[in-house]
Amino acid sequence: MVASIRRAWLAAFLVLGFGFVGAAQAQQQPRAPYPGQVYAQSTQAMAPSGTGTAKADDPAFWAFSAGWFDINKQKNEAFEGRIEYRGAEKYWIFKPFGGIMATSDRAVHGFAGVLVDLYFGRRWVLTPSFAPGLYYEGDGKHISNGIQFRSQLELSYRFDDRSRLGISFNHISNAGIRDPNPGSETLAITYAIPTDKLFKW
């Protein structure tokens, strides 16, 4: 458990380090219009002085994650890779998203659900999300039935091109639908890039 905590802190420091590097670079470049206040309910917010108003929400993203599966219990540890599409459309405060994750033990979880972006200043975004999905265990952890629910909290740093680098912690389980219900947790690092920029590389 001590090793898990150390690795989690190391991942957090890496994300913060990238964030501070990005902040230093941003001071030397013209800034794109961003909401200057914490975004909570409205769909518009005031941009920096002289730029008028700007849409507070970000565009649609492709998000790529790499992490440590079963980090909490450490009984069926594996590498996890994940790809998500995060929509720009909003339904009240919720945005749709969906994706698929796979582990080095051939476990697969396909899911679709909703997320909420909470903005803190120009740079930091806190994103809770929830998604039901289907789980195939492969040679990995047995988590009872195939229907699994994923809840996640992600903290990310937003760059001038609106791409993001963040760290997330999620939990999947069957929500007590069937016993046993061991569940599993994953700590991951995520890079999200706007869909219109992905294919310009």
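Before reading on, note that the structure itself is shown above.
Now for a quick tour of the structure. For clarity, every value in this text was computed on a predicted model and none was experimentally measured.

Conventions adopted
- Residues numbered from 1 in each chain as written.
- Predicted model: local features only at pLDDT ≥ 70, side-chain atom pairs only at ≥ 80, totals over all residues.
- Heavy atoms only, no water.
- Helix = DSSP H or I, 4+ residues; strand = E, 2+ residues; numbered from the N terminus.
- Buried < 20%, exposed > 50% of the residue type's maximum accessible area, 1.4 Å probe, protein only.
- Contact = heavy atoms within 4.5 Å.
- Areas by Shrake-Rupley, 256 points an atom, 1.4 Å probe, with all protein chains shown as cover.
- Patch = residues over 30% accessible without salt bridge, like charges linked within 9 Å, V, L, I, M, F, W, Y side chains within 5 Å.
- Salt bridge = Lys/Arg side-chain N within 4 Å of Asp/Glu carboxyl O.
- Core = buried A, V, L, I, M, F, W, Y, C linked by side-chain atoms within 4.5 Å.
- Polar contact = N/O pair within 3.5 Å; in protein donor to acceptor, adjacent residues only side chain to side chain.
- Phe/Tyr/Trp six-rings, centres within 6.5 Å; stacked < 30°, edge-to-face > 60°.
- Lys NZ or Arg CZ within 6 Å of the ring centre and 35° of its normal.

**Some thoughts on the overall build of the protein**
When helices and strands are counted, the protein shows 2 helices and 11 strands. Split into buried and exposed, the 201 residues of the protein put 44% on the buried side. Long-range pairs, those at least 24 residues apart, make up 56% of the contacts in the protein with a sequence separation of at least 6. Accessible area for the protein stands at about 10500 Å²; split by element, carbon and sulfur atoms hold 65% of it.

**Digging into a nonpolar patch on the surface**
A cluster of nonpolar side chains, contributed by F64, I83 and I100, occupies part of the molecular surface with about 250 Å² of accessible area. Relative to the assigned elements, I83 resides in strand β4 (residues 78-86).

**Here we look at the pattern of salt bridges**
Working definition: two side chains of opposite charge can pair if their charged atoms are close together. Evaluated as defined, the whole model comprises 12 salt bridges. K95 serves as the salt-bridge partner of D117, at 3.0 Å between the closest nitrogen and oxygen. A residue pair is termed long-range when its members are at least 10 positions apart, and D117 in the loop between β6 (108-115) and β7 (118-120) and K95 in strand β5 (residues 95-103) qualify at 22 residues. Comparing D117 with K95, the two get one shared label, buried. Within the structure, one salt-bridge network assembled from shared partners comprises D58, K95, D117, R158, R162 and R164.

**Quick notes on the nonpolar core**
Membership of the largest hydrophobic core is limited to 11 residues, which are F69, A78, F97, M101, A107, F111, L115, A131, Y135, I143 and I172. Only β5, β6 and β8 (124-136) provide two or more residues apiece to this core. Residues within four places of F111 in sequence aside, it is in contact with R82, E84, F97, G98, G99, I100, M101, A131, P132, G133 and R150.

**Here's the deal with the side chain of T103**
Note on placement: T103 falls in strand β5. A distance of 3.1 Å separates the side chain of T103 from the backbone nitrogen of D105, its partner in a polar contact. Ignoring any residue separated from it by four or fewer positions in sequence, one finds T103 in contact with F69, A78, F79 and E80.

**Quick look at the packing of aromatic side chains**
A complete count under the given rule lists 6 aromatic pairs for this structure. Seen from their ring centres, W62 and Y85 are 5.3 Å apart, and the 65° between their planes marks the pair as edge-to-face. Of this pair, W62 sits in strand β3 (residues 61-69) while Y85 sits in strand β4; the two residues are 23 residues apart in sequence, bridging distant segments of the chain. On the basis of relative accessible area, W62 is assigned to the partly exposed category, the value being 29%. A residue is classified by how much of its surface remains accessible, and Y85, at 34% relative accessible area, is partly exposed. Arranged with centres 5.8 Å apart and planes meeting at 65°, the rings of W92 and F94 form a pair that is edge-to-face. These aromatic residues form a ring-pair network of at least three members: W124, Y157 and F159. A cation over an aromatic ring shows up here: R150 above the ring of F111, its NZ or CZ 4.2 Å from the ring centre.

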